[in-house]
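Here are the chains, one letter per residue:
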Amino acid sequence: MEAGVFTVRISELDPDRLTRKQMTTLLFEGIVDDGQYGDCIFVFGSNRSLRYRLPAAVELYKKGRAPKLLFSGGTVWAGQSNKSEAVLMRDRAIELGVQPQHILIETESRHTKENVLSSLMVLDRAFMLHNIRRLLVVTSAYHVRRAYLTLRTYMPRWVEYTLCPADDQMTQKDNWWLTPEGAKRVEAESRKMIKYIRMGAIEDDILP
């Protein structure tokens, strides 16, 4: 370590005394799309995935950044028919021009860790895990770091990741505190990440 340079691990943060700067750094700093190509676009489901995450993923697919999409999410949200997140995303992706044979779905998971664990078998059956070298990770910007750390914890060590944050308009690095909903999301996500790291459920990391 260089003289005068100090590092802080996420687990060292106090979840009950987080500043705006700490939360911004924790969730948004260093989260950029490096432009690399991958084997599959991994899309985490949510109740807003059709509006924000799906279009971002389809755009990557149409640009040729990866030959397949994996939609992960088994939750059925009220008001969104009786279909799971993953099925809704698949159906809409086909409407947007994605070839059905290029789509994988995982419909058992209910949260981020399960997204990853339940997708392992899907990916193995489609590619055989030892053939996967890079996944393009699509989720909302404020959720990317936890998604990445969860993937890094449970996926094979040789897999690399390109982080592709989806713009949900109100929860970005430069505006999340301007609305009650954005502030609530970021504060909850920050506390959740620290909690899971302290529990040992996901790997610790150094703040950017």
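Residues numbered from 1 in each chain as written. Predicted model: local features only at pLDDT ≥ 70, side-chain atom pairs only at ≥ 80, totals over all residues. Heavy atoms only, no water.

### Considering the overall build of the chain
Then, number 1: Assigned secondary structure in the chain consists of 6 helices and 5 strands.
Then, number 2: Secondary structure of the chain in N-to-C order comes out as α-β-α-β-α-β-α-β-α-β-α.
Then, number 3: The globule rule puts the C-alpha radius of gyration for 208 residues at 17 Å, and the 17 Å found for the chain is close to it.
Then, number 4: Dimensions of the chain, computed from the C-alpha atoms along their principal axes, are close to 55 × 40 × 30 Å.
Then, number 5: Out of the 208 residues belonging to the chain, those deemed buried represent 50%.
Then, number 6: Residue pairs at least 24 apart in sequence account for 75% of intrachain contacts in the chain once pairs closer than 6 positions are excluded. (Helix = DSSP H or I, 4+ residues; strand = E, 2+ residues; numbered from the N terminus. Rg over C-alpha atoms; globule rule 2.2 N^0.38 Å. Buried < 20%, exposed > 50% of the residue type's maximum accessible area, 1.4 Å probe, protein only. Contact = heavy atoms within 4.5 Å.)

### Looking at the nonpolar core
Then, number 1: Within the largest apolar cluster, 22 residues are counted, with the highest numbers of intra-cluster contacts made by F42, L123, L135, L151, M155 and Y161.
Then, number 2: Among the elements of the structure, β1 (40-44), α4 (112-127), β4 (134-140), α5 (144-154) and β5 (160-166) are those that each provide at least two residues to this core.
Then, number 3: Each residue touching L135, except ones within four places of it in the same chain, is listed here: C40, F42, L123, M155, V159, E160, Y161 and T162.
Then, number 4: Among the nonpolar cores identified, the runner-up in size contains 20 residues, and I41, A57, A86 and I103 belong to it. (Core = buried A, V, L, I, M, F, W, Y, C linked by side-chain atoms within 4.5 Å.)

### Let's talk about the environment of L60
Then, number 1: You can see L60 is positioned in helix α2 (residues 53-62).
Then, number 2: Owing to a relative accessible area of 8%, L60 belongs among the buried residues under this scheme.
Then, number 3: A C-alpha to C-alpha distance of 17 Å links L60 and Q101, two positions 41 residues apart in sequence.
Then, number 4: Excluding residues within four positions of it along the chain, L60 makes contact with D33, I41, R65, A66, L136, V138 and C164.

### Some words on the sheet that holds strand β3 (residues 103-106)
Then, number 1: Pairing within the open sheet is parallel, and its 5 strands lie in the order β3-β2-β1-β4-β5. Looking at which strands have only one partner, the edges of the open sheet turn out to be β3 and β5. Going across the sheet, the axis of each strand differs from the next one's by a mean of 20 degrees, ignoring polarity.
Then, number 2: Summarising the sheet, β4 and β5 pair through 7 bridges and their orientation is parallel. Bridge assignment links R134 to a residue of β5, and that residue is E160.
Then, number 3: This element, α2, spans β1, β2 (69-72), β4 and β5 of the sheet and lies at about 150 degrees to β4.
Then, number 4: Its contacts with the sheet place α5 against β1, β4 and β5, and it is angled at close to 160 degrees to β5. (Pairing = 2+ DSSP bridges. Axes fitted to C-alpha atoms, helices over the stretch in contact; angles between N-to-C directions.)

### What to know about the packing of aromatic side chains
Then, number 1: Applying the stated rule across the entire model yields 3 aromatic pairs.
Then, number 2: On the basis of an interplanar angle of 80 degrees and a centroid distance of 5.9 Å, the ring pair of Y148 and Y161 is categorised as edge-to-face. Of the two residues, Y148 is situated in helix α5 and Y161 in strand β5; the sequence distance between them amounts to 13 residues. (Phe/Tyr/Trp six-rings, centres within 6.5 Å; stacked < 30°, edge-to-face > 60°.)

### Topic: α4
Helical geometry: 3.6 residues make up each α-helical turn, so side chains three or four residues apart lie on a common side.
Then, number 1: An ideal rise of 1.5 Å per residue puts 22 Å on 16 residues; α4 measures up with 22 Å between its terminal C-alpha atoms.
Then, number 2: The sharpest bend along α4 comes to roughly 30 degrees, located at S119.
Then, number 3: Of the positions making up α4, those classed as buried are T112, N115, V116, S119, L120, V122, L123 and F127.
Then, number 4: Elements that come into contact with the buried residues of α4 comprise β1, β2, β3, β4 and α5.
Then, number 5: Following α4 by one or two positions, M128 adopts a phi angle in the positive range, close to 70 degrees. (Expected span 1.5 Å × (residues − 1). Bend = angle between axes of the 7 residues up to and from the residue.)

### Section: the environment of R51
Then, number 1: Its place among the elements puts R51 in the loop between β1 and α2.
Then, number 2: The exposed category is assigned to R51, whose relative accessible area is 59%.
Then, number 3: Spatially, the C-alpha atoms of R51 and L13 are 33 Å apart, while their sequence positions differ by 38 residues.
Then, number 4: There is a polar contact of 3.1 Å between the side chain of R51 and the side chain of Y52. (Polar contact = N/O pair within 3.5 Å; in protein donor to acceptor, adjacent residues only side chain to side chain.)

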